Amino acid sequence: MIASPNELSPTRLHLGVRHLAAGAALLALTGAAVLAGDVPPAHAARVNATCANTTADAATIQTAINSSAAGDEIVIKGPCLINATISLADDRTYRGDGAGTTLKQANGANLKAMLASAPWVANNTWVGSGVRVERLTLDGNSANNTGTSPLVLQTWDSRVYDIRVYNAPVDAILLTTVTANGTQITNTAVNNVLSDIYIEGAGGSGIHGHDPANLLTDTVIERSWIAGTGGSAVATDNAAGWQIRDLHLYEVTKNGIDANRCYNTGIHDNYIEDFGSQGTSGTTYYGIRCTVQDKAPSSISGNTINQFGTFPSTGTFVYIGLDGVNGGGTGFVSVTGNGVLGKGTTRETGLNYQKGSGTALTVASTGNVVTSVGTARTVGTGVTVSAGV
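Everything in this summary refers to the structure shown in the same document. (Residues numbered from 1 in each chain as written. Predicted model: local features only at pLDDT ≥ 70, side-chain atom pairs only at ≥ 80, totals over all residues. Heavy atoms only, no water.)

Here the focus is the pairing of strand β33 (residues 348-354). Counting buried positions along β33 gives six out of seven residues, so the element sits mostly inside the fold. Pairing of strand β30 (residues 316-325) with β33, which is carried by six bridges, proceeds in the parallel orientation. Following the sheet pairing, L322 is matched in β33 by Y353. (Buried < 20%, exposed > 50% of the residue type's maximum accessible area, 1.4 Å probe, protein only. Helix = DSSP H or I, 4+ residues; strand = E, 2+ residues; numbered from the N terminus. Pairing = 2+ DSSP bridges.)

Now the structure itself:
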């Protein structure tokens with residue numbers, strides 16, 4: 001039986017206590033300074049890393065990071081040629097210097113990651129924190145490399161904003177609870193936000209949450225565009241507490257949004273088109289897919305899922321699917337106000353609600369517009385569908 005993912009584990013509680021204690025100590029220190037009339041200035045430094053578009057660039061950036069202090073902003077001036085993984089220290093901002101800041105993987109480097117949080121690189125089982133990545137363009141150079149995710153984060157309370165990722169050999173952005181050498185972390189990776197991102201071309205998923213131990217929760221992905229993925233546009237092993245919203249996903253080989261362990265999960269106002277282009281016989285492709293945890297409800301609302309391009313001649317297509325309840329209990333999901341436009345084949349189902357191995361599934365399903373599909377809605381045994389209250 002899978003435990004409810006949002007329950008506070010001892011490690012997660014310890015993480016919160018650690019930061020509360022640090023805050024109390026800082027407050028005591030600054031309070032003493034005020035009483036003494038001696039308040040030290042708190043100014044973060046700006047550290048420049050200027051690339052020459054040579055194989056020395058990764059070392060240049062890493063030297064700038066290593067010379068910085070917590071709170072500093074590392075400004076990367078490109079273009080940069082990257083032949084080694086750059087380790088992102090905690091509590092720093094990594095910012096590009098305008099549109100020219102492109103970091104491109106060197107031919108044949110075959111890195112696991114171009115940029116990665118320091119604990120992941122060092123195989124540390126404790127997550128990093130306070131990493132900010134902004135206004136960078138990352139080019140994985142997939143034509144001349146294999147096995148690379150341009151950005152890898154093993155963090156909590158971190159932000160990725162206004163970046164572009166092109167030509168990723170595997171996942172474009174990887175959020176993970178497993179270190180570079182495959183070691184499982186021992187605390188939680190929570191409260192990360194990814195927004196205003198453009199991803200084009202990935203051998204794997206656009207954004208992938210890799211979490212075999214049920215530790216990667218409470219993530220926000222919003223206001224982004226993902227196109228041309230070899231896997232799903234967004235895929236997560238653990239969607240507990242995640243908010244996935246205002247995305248435009250298109251030219252997707254497999255699923256639009258593939259969310260496992262939905263528990264207090266919100267999937268709202270996304271525009272998904274032309275998913276499942278792989279079209280393999282015997283395979284089901286989903287616009288939005290959730291496997292559901294028991295007890296806490298999740299919500300899927302305001303999404304539009306369409307097929308406009310060339311439709312595969314094989315494969316089965318489900319536009320919104322609740323694909324079973326984990327843990328043997330009862331799952332609860334609201335599916336409201338979504339729009340589906342299919343190609344009018346018998347291989348398409350608009351809404352598909354199944355409890356799988358769970359005890360039961362209750363779905364409030366109302367206000368959805370489903371057109372041009374072979375089957376508008378399928379309801380499996382043990383599933384209760386209502387209009388809500």
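Text resumes after the structure shown.
Attention now moves to the side chain of E73. Tracing the backbone shows E73 in strand β2 (residues 73-77). Here the side chain of E73 touches R95 through a polar contact of 2.8 Å, side chain to side chain. Discounting residues that sit within four places of it in the chain, E73 has contacts with A45, R46, V47, T93 and R95. (Polar contact = N/O pair within 3.5 Å; in protein donor to acceptor, adjacent residues only side chain to side chain. Contact = heavy atoms within 4.5 Å.)

What follows is about the nonpolar core. In terms of nonpolar packing, the biggest core is built from 81 residues, with I61, L103, I173 and L322 touching the most fellow members. Broken down by element, this core gets its largest block of residues, five residues, from β30. Ignoring sequence-local partners within four residues, the contact set of I61 consists of A49, C51, I76, C80, I82, I86 and L103. In this structure, A113, W120, V152 and A180 belong to the second largest nonpolar core, which totals six residues. (Core = buried A, V, L, I, M, F, W, Y, C linked by side-chain atoms within 4.5 Å.)

Let us now look at the environment of L249. Along the chain, L249 falls in strand β23 (residues 243-252). When the C-alpha atoms of L249 and W225 are compared, they prove to be 5.9 Å apart, with 24 residues separating the residues in sequence. Filtering out sequence-adjacent residues up to four positions away, L249 remains in contact with I226, A233, G256, I257, Y271, I272 and E273.

Turning our eyes to something else, we now look at the pattern of salt bridges. Inspection of the entire model under this criterion finds nine salt bridges. We note a salt bridge from D97 to K77, for which the minimum N-O separation is 3.2 Å. Here D97 is found in the loop between β5 (92-96) and β6 (102-105), whereas its partner K77 is found in strand β2, with 20 residues between them in sequence. Residue R289 is joined to D323 by a salt bridge in which the shortest nitrogen-to-oxygen separation is 3.1 Å. A residue pair is termed long-range when its members are at least 10 positions apart, and R289 in strand β27 (residues 284-292) and D323 in strand β30 qualify at 34 residues. Counted as one network, the salt bridges with shared partners bring together D196, E222, R223 and R245. (Salt bridge = Lys/Arg side-chain N within 4 Å of Asp/Glu carboxyl O.)

With that out of the way, let us pick up the state of the cysteines. Taken as a whole, this structure holds two disulfides when the rule is applied. For C51, the disulfide goes to C80, at an S-S distance of 2.0 Å. Handedness here is read from the sign of the S-S torsion; for C51 and C80, about 85°, the answer is right-handed. Taken together, the residues C51 in the loop between β1 (46-50) and α2 (57-66) and C80 in strand β3 (residues 80-82) connect sequence positions 29 residues apart. Residue class for C51 comes out buried when judged on its relative accessible area of 12%. Listing the disulfide partners of the protein chain by sequence rank of the bonded cysteines yields 1-2, 3-4. (Disulfide = S-S within 2.5 Å.)

So, on to the side chain of S87. Structurally, the position occupied by S87 is in strand β4 (residues 86-88). Leave out the neighbours within four places in its chain, and S87 touches Q62, I65, A116, A118 and V121.

Moving on: the packing of aromatic side chains. On inspection of all chains with the given rule, the structure shows five aromatic pairs. Taking the centre distance of 4.6 Å and the plane angle of 45° together, the rings of F311 and F317 count as tilted. Overall, F311 belongs to the buried group, its relative accessible area being 17%. The class of F317 is buried, set by a relative accessible area of 0%. These aromatic residues form a ring-pair network of at least three members: F275, Y285, F311, F317 and Y319. In this structure, R289 packs its charged tip against the face of Y286, placed 5.8 Å from the ring centre. (Phe/Tyr/Trp six-rings, centres within 6.5 Å; stacked < 30°, edge-to-face > 60°. Lys NZ or Arg CZ within 6 Å of the ring centre and 35° of its normal.)

It is worth spelling out the pairing of strand β19 (residues 207-210) at this point. The pairing of strand β15 (residues 173-176) with β19 spans four bridges and is parallel. When the sheet's bridge partners are listed, I173 is paired in β19 with I207. Across three bridges, β19 lies against strand β22 (residues 234-236) in parallel orientation. Bridged to H208 within β22 is A235.

Moving on, we get to the sheet that holds strand β7 (residues 113-117). Pairing between sheet strands relies on hydrogen bonds along the backbone, with the strands arranged either parallel or antiparallel. The 11 strands lie next to each other as β4-β7-β11-β15-β19-β22-β24-β27-β30-β33-β36, forming an open sheet whose pairing is parallel. Where the open sheet ends on each side, the last strands, each with one partner, are β4 and β36 (375-379). Neighbour-to-neighbour, the strand axes of this sheet turn through a mean angle of 15°, independent of strand direction. Of the strand pairs in this sheet, β7 and strand β11 (residues 149-153) are connected by three bridges, and their pairing is parallel. Its bridge partner lying in β11, A113 is registered against S149. (Axes fitted to C-alpha atoms, helices over the stretch in contact; angles between N-to-C directions.)

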